[in-house]
Structures are given as C-alpha cells and as structure tokens.
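Architecture at a glance
Letter by letter, the chains look like this.
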Amino acid sequence: MQFRKLLLLSLFLLPLASHAQAPKELLLNKEQLAKYALSYKTDEVKHLRRFLNTYANKRDDVSPVDERAAKVLDTLKIDKKILKSKFMVYQYSGIIGGGKGVSIVSQDHPEVILDFWVYKTEGNACEVRDLLLQEDKRDLDEFQIVYRNYLHHKTLAM
C-alpha cells in the first residue's frame, strides 16, 4: 500500500517538476533594452567586430596587439563564414584587470560562443587582448528559447 502511494505521488509530481523547470523566454522592458543596446555602440564591441572581420577576410592584416586572440582563433578553426556573420552580445562587463569581457554568440550558429577580453588603451584605441576558452555547459535548446527575442534581433547585432 505504501509503495502504491509513493508511485502515485511521484507520477503526480513528475509533470509539475518538469513544468517548473521549463525555460522561460527573456523579455526586457524598454529601459533594460535601451541599456542593453548601448553595449553594441561601445568602442570595445565595435573594435571586436572589426577584429573578426579582419581575421576572417585577411588573417595577415590582424594588428599585432590583437595577435594573441587571433592565435586562439587559429586553433579553434571556426568557419570564416560564421565569423563574418552577425553576433549577439551575450555578456558585456568590466574585468578586474581592466577592459571589458565581451561574450558573443553567433546568431546563425548559437553553438558558437566566444569570450573576449577587449581593452581600451590611452587615446581610446582598443585591442583584443585574449580569447578566453571556457567549457560551454549551456543547454542549446533552452538557450535558444530564453534568448529568442535577442538572438535573431534585426538591429541588435554586431
């Protein structure tokens, strides 16, 4: 009898538990969206886009100050078409050692996430100091649900 009660209880709670953990789509209010949009206009993000374009179009033209990140990209062997395509800024934050941490996700290939350290030097010049490799533990399907509105946004892309 006790076993039957446990079985019935688990059958009842299982759908509730799975429903409670279902990913929810991220919806930013106007203020949050405006603040997020500002990250795309920063010198660091603009420089990162130029770096990716230069790397994908003519690797030899990469600036010496960006070479460390370029060497890491070399080892990743990411298709140049992906690097030329649009990216969503996934994270943009200050780093303790200075500069910004800029994580980007390919709009067309969300399995490609890259974490860069971009540093602004004197005179407002920027350099990509490093490409940080981290183990990606995201559930790709959940990620695409949560960031659906921003992953393929028409104006918010770099």
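Residues numbered from 1 in each chain as written. Predicted model: local features only at pLDDT ≥ 70, side-chain atom pairs only at ≥ 80, totals over all residues. Heavy atoms only, no water.

Regarding the sheet that holds strand S2 (residues 100-106)
- Here four strands make up an open sheet; going across it, the order is S1-S2-S3-S4 and the pairing antiparallel. If you trace the sheet from one side to the other, it starts and ends with strand S1 (87-94) and strand S4 (126-132), each paired once. Averaged over all pairs of adjacent strands, the angle between strand axes in this sheet comes to 25°, irrespective of strand direction.
- In this structure, S2 lies alongside strand S3 (residues 113-120), joined through six bridges in antiparallel fashion. Within S3, the position partnered with Val 102 by the bridge is Phe 116.
- Along the sheet, helix H4 (residues 67-76) contacts S3 and S4; its crossing angle with S4, the most-contacted strand, is approximately 35°. (Pairing = 2+ DSSP bridges. Helix = DSSP H or I, 4+ residues; strand = E, 2+ residues; numbered from the N terminus. Axes fitted to C-alpha atoms, helices over the stretch in contact; angles between N-to-C directions. Contact = heavy atoms within 4.5 Å.)

Quick look at unusual backbone geometry
- If you check the backbone angles, Lys 77 has positive phi at about 55° while not being a glycine.
- Note on placement: Lys 77 falls in the loop between H4 and helix H5 (80-84).
- In this structure, Asn 124 is a non-glycine residue whose phi angle is positive, near 65°.
- Along the chain, Asn 124 falls in the loop between S3 and S4.
- Judged by relative accessible area, which is 52%, Asn 124 ranks as exposed. (Buried < 20%, exposed > 50% of the residue type's maximum accessible area, 1.4 Å probe, protein only.)

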